[in-house]
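Breakdown of the fold
The residues making up each chain are set out below.
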Amino acid sequence: MAEVVNAFNFEQDTFVELLAKKPRCVAITTTFYLDAKPIREIVDFVRKHSTDTKIIVGGPHIFNLCDFYDPADDGLAFVLEEMGADIYIHDSQGELTLSCVIAHLRGDAYANETVVKAAV
């Protein structure tokens, strides 16, 4: 089952209720974020309320960071580490990749291992 928290700043009570159910993962889109600070705030909130929940971050900000930095560059690792998520999706249309990652986390037999390995 999937639930949506559309506005982090205004729906924190709802988010706490959802996190109390100990979801397997939370996906954070970076569509409206230009830096890591608000992303880290959400990551810290999730960790505070559900320590075992995997945090997946993707979207334009992650895509742009991965395009800007050379994969071997320590700068990319540093920036991603500053966000604090568990999994980052570098894909311009990451919905399929996200669904494969979630399927993998669920242990579903149809999870595409190649896509999951590329996303992690």
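None of these values were measured; they are calculated from a predicted model.

Right, let's get into the sheet that holds strand S3 (residues 87-89). Here three strands make up an open sheet; going across it, the order is S1-S2-S3 and the pairing parallel. A single partner strand is all that each edge strand has here, and the edge strands are strand S1 (25-29) and S3. Sheet twist, expressed as the average angle between the axes of neighbouring strands with direction ignored, equals 20°. Bridge count for S1 against strand S2 (residues 54-58) is five bridges, and the pairing is parallel. When the sheet's bridge partners are listed, Val26 is paired in S2 with Ile55.

Moving on, we come to the environment of Ile28. If you trace the backbone, Ile28 turns up in strand S1. The class of Ile28 is buried, set by a relative accessible area of 7%. Ile28 sits 28 residues away from Ile56 along the chain, and the two C-alpha atoms are 6.1 Å apart.

With that out of the way, let us pick up helix H5 (residues 95-106). Its twelve residues give H5 an end-to-end C-alpha distance of 16 Å, which sits within 8% of 16 Å, the value for a rise of 1.5 Å per residue. Inspection of H5 places Thr97, Cys100, Val101 and Ala103 among the buried residues, and these make up the whole buried set. Down the axis of H5, the buried side of the element spans an arc of 160°, and every buried residue falls inside it. One or two steps after H5, the chain reaches Gly107, where phi turns positive at roughly 85°.

Within the structure shown, the criterion is met by three salt bridges. Notably, a salt bridge pairs Arg40 with Asp44, separated by 2.8 Å at the nearest N-O pair. On the criterion of helical spacing, the pair formed by Arg40 and Asp44 is a turn pair, its members being four residues apart in helix H2 (residues 37-49). Residue class for Arg40 comes out partly exposed when judged on its relative accessible area of 31%. Asp44 gets classed as partly exposed once you look at its relative accessible area, which sits at 39%. Here Arg106 makes a salt bridge to Asp108, at a shortest N to O gap of 2.9 Å.

So, about the layout of surface pockets. Roughly 1,500 Å³ of volume is contained in the largest pocket. Looking at the largest pocket, it is lined by 41 residues, and the ones nearest its centre are Glu3, Val4, Val26, Ala27 and Ile28. Contributing elements (two or more residues each) for the lining of the largest pocket: helix H1 (12-19), S1, H2, S2, helix H3 (60-68) and H5. No other element matches S1, which puts five residues into the lining of the largest pocket. By residue class, the composition of the lining of the largest pocket is 24 nonpolar, ten polar and seven charged.

Counting residues in each nonpolar core, the largest one holds 22 residues, and the members touching the most others are Phe15, Val57 and Met83. Only H1, S1, H2, S2, H3 and helix H4 (74-83) provide two or more residues apiece to this core. The residues contacting Phe15, other than those within four sequence positions of it, are Val5, Phe8, Val26, Ile42, Phe45 and Val46. Grouped together as the second largest cluster of nonpolar side chains are five residues, Ile56, Ile87, Ile89 and Val101 included.

Thresholds, definitions, all that
Residues numbered from 1 in each chain as written. Predicted model: local features only at pLDDT ≥ 70, side-chain atom pairs only at ≥ 80, totals over all residues. Heavy atoms only, no water. Pairing = 2+ DSSP bridges. Helix = DSSP H or I, 4+ residues; strand = E, 2+ residues; numbered from the N terminus. Axes fitted to C-alpha atoms, helices over the stretch in contact; angles between N-to-C directions. Buried < 20%, exposed > 50% of the residue type's maximum accessible area, 1.4 Å probe, protein only. Expected span 1.5 Å × (residues − 1). Arc of directions from axis to C-beta. Salt bridge = Lys/Arg side-chain N within 4 Å of Asp/Glu carboxyl O. 1 Å grid on protein atoms, 1.4 Å probe; cavity = no way out; pocket = protein on both sides within 12 Å on 5 of 7 lines; lining within 4 Å. Points joined across faces, edges and corners; volume = space filled by probe spheres on them. Nonpolar A, V, L, I, M, F, W, Y, C, P; charged D, E, K, R; others polar. Core = buried A, V, L, I, M, F, W, Y, C linked by side-chain atoms within 4.5 Å. Contact = heavy atoms within 4.5 Å.

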